[in-house]
Amino acid sequence: MARRGKKKGRPISGWLVLDKPVGMGSTEAVSKIKWLFQADKAGHAGTLDPLASGMLPIALGEATKTVPYVQDGAKIYRFIVAWGQERSTDDLEGPVTKESGLRPSQAEVLALLPKYTGVIMQTPPQFSAIKIAGERAYDLARDGATVDIPPREVEIGRLDIVEHNADHTVFEVECGKGTYVRSLARDMGRDLGCFGHISELRRIEVEPFTPEDFVTIAELEAARFGAPGEADPDATDAAEAIEAPIDFDAIDALLVDTSAALDCLPQIAISDDAATKIRLGNPVIIRGRDAPVEAEEACATARGKLVAIGAIEQGMFKPKRVFAG
């Protein structure tokens, strides 16, 4: 008997800006979204720890080609540092490793903030996804090893106090790619002599997306399961979905267009004929008074739809990455 082939998902494309709940891992979230949309392809733009909540941008279909642009975008976190204890994981998950009866005043915390603003050197947590000799640091740390992780350069745009009391401080930070908020808590606690760890962490923005783009699991399920003929809601893969026709209009309307991830690039409007040539991998002449003469990266659109990412050299658009029409 011939084996039945795995059912292919839908060629749906766009960004789903998930408001990830506490307790759900980033990989689990991607699987859930992929199944809800029955998408053929999905990926996220930056891991969010299971104990953290908030913005997890998930790319579907052609949007996966734009993931690097979102990963490089600035991020804003709201977080609480609990003073008096340092933990192995720098958050609530790990056991206490150091304790102190000291507690910082708001003035002491405020005086420390300039040290953590701008371009700084930061050592990632022992429990992180950094690779050491080919292995993840968190795997080595779980085996009891103390990992020597070299510090690296990160950029902190701003670090503000939102609220302070004797036992904890609420902060808001705007930071660049590769910044570990858990490391901020650990290092500030050491500098203040009282130790500290993250007790709550929420990512509220990932450029170019804003809180207005947030969609919750409940909203997705309400849109998705309103259609008749639904399969097992506990399934996690598009291949597990039933073959009965389902109306996806409601859930598809929650997606942000793929091109939103490329707002940081120069935008070039082209004709339908030029779009056809570009999708075949051919360069085209860029016309128009406002068209840039040179650009390392730009995106070409036709009738408002994303066509390609490419370079502009000597008045020609040369495609590097093409998107399906």
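Structure: see above.
Residues numbered from 1 in each chain as written. Predicted model: local features only at pLDDT ≥ 70, side-chain atom pairs only at ≥ 80, totals over all residues. Heavy atoms only, no water.

Turning next to the overall build of the chain. A tally of helices and strands in the chain yields 8 helices and 17 strands. When burial is assessed residue by residue, the chain has 46% of its 325 residues classed as buried. Residue pairs in contact within the chain that sit at least 24 positions apart in sequence constitute 70% of those at least 6 positions apart. Here the chain displays about 16300 Å² of accessible surface, and carbon together with sulfur accounts for 50% of that area. (Helix = DSSP H or I, 4+ residues; strand = E, 2+ residues; numbered from the N terminus. Buried < 20%, exposed > 50% of the residue type's maximum accessible area, 1.4 Å probe, protein only. Contact = heavy atoms within 4.5 Å. Areas by Shrake-Rupley, 256 points an atom, 1.4 Å probe, with all protein chains shown as cover.)

Enumeration over the complete set of coordinates arrives at 3 aromatic pairs. Judged by centre distance (5.6 Å) and plane angle (50°), the rings of Trp15 and Phe209 are tilted. Of this pair, Trp15 sits in strand β1 (residues 14-20) while Phe209 sits in the loop between β12 (196-206) and α6 (217-224); the two residues are 194 residues apart in sequence, bridging distant segments of the chain. Each member of the pair Trp15 and Phe209 is classed as buried. It is Lys65 that lies over the ring of Phe323; its NZ or CZ is 5.4 Å from the centre. Above the ring of Trp35, the side-chain terminus of Arg224 is found at 5.6 Å from the ring centroid. (Phe/Tyr/Trp six-rings, centres within 6.5 Å; stacked < 30°, edge-to-face > 60°. Lys NZ or Arg CZ within 6 Å of the ring centre and 35° of its normal.)

The omega torsion across Glu207 and Pro208 is 15°, close enough to zero to call that bond cis. Tracing the sequence through the fold places Pro208 in the loop between β12 and α6. Positioned with a positive phi, Asp90 is a non-glycine residue whose angle comes to about 65°. Of note, Asp90 is situated in the loop between β5 (85-87) and β6 (96-99). Under the relative-accessibility criterion, Asp90 is labelled buried at 4%. Residue Phe195 is not a glycine yet carries a positive backbone phi of 65°. For Phe195, the position within the fold is in the loop between α5 (181-192) and β12.

A few words now on the sheet that holds strand β15 (residues 295-302). Strand order in the open sheet made by the 5 strands is β13-β15-β16-β17-β14, with mixed pairing throughout. Unpaired on one side and paired on the other, β13 (267-269) and β14 (284-285) mark the two borders of the sheet. Bridging between β15 and strand β16 (residues 305-313) involves 6 bridges; their strand directions are antiparallel. Across the sheet, Ala298 pairs through a bridge with Gly310, a residue of β16. Across the sheet, helix α8 (residues 272-279) lies against β14, β15, β16 and β17 (316-322), angled at about 75° from β16, the strand it touches most. (Pairing = 2+ DSSP bridges. Axes fitted to C-alpha atoms, helices over the stretch in contact; angles between N-to-C directions.)

Under the criterion given, the structure shown has 17 salt bridges. Arg202 is the salt-bridge partner of Asp19, the closest N and O atoms lying 3.0 Å from each other. In this pair, Asp19 sits in strand β1 while Arg202 sits in strand β12, placing the two residues 183 residues apart along the sequence. By relative accessible area, which is 18% here, Asp19 ends up buried. The exposure class of Arg202 is partly exposed, given its relative accessible area of 25%. Lys65 is paired through a salt bridge with Glu62; the nearest N and O atoms lie 3.1 Å apart. For Glu62, a relative accessible area of 17% gives the class buried. Several salt bridges converge on common partners, so that one network encompasses Arg78, Arg158, Asp160, Glu172 and Glu174. (Salt bridge = Lys/Arg side-chain N within 4 Å of Asp/Glu carboxyl O.)

On their own, these measurements won't tell you what the molecule is for.
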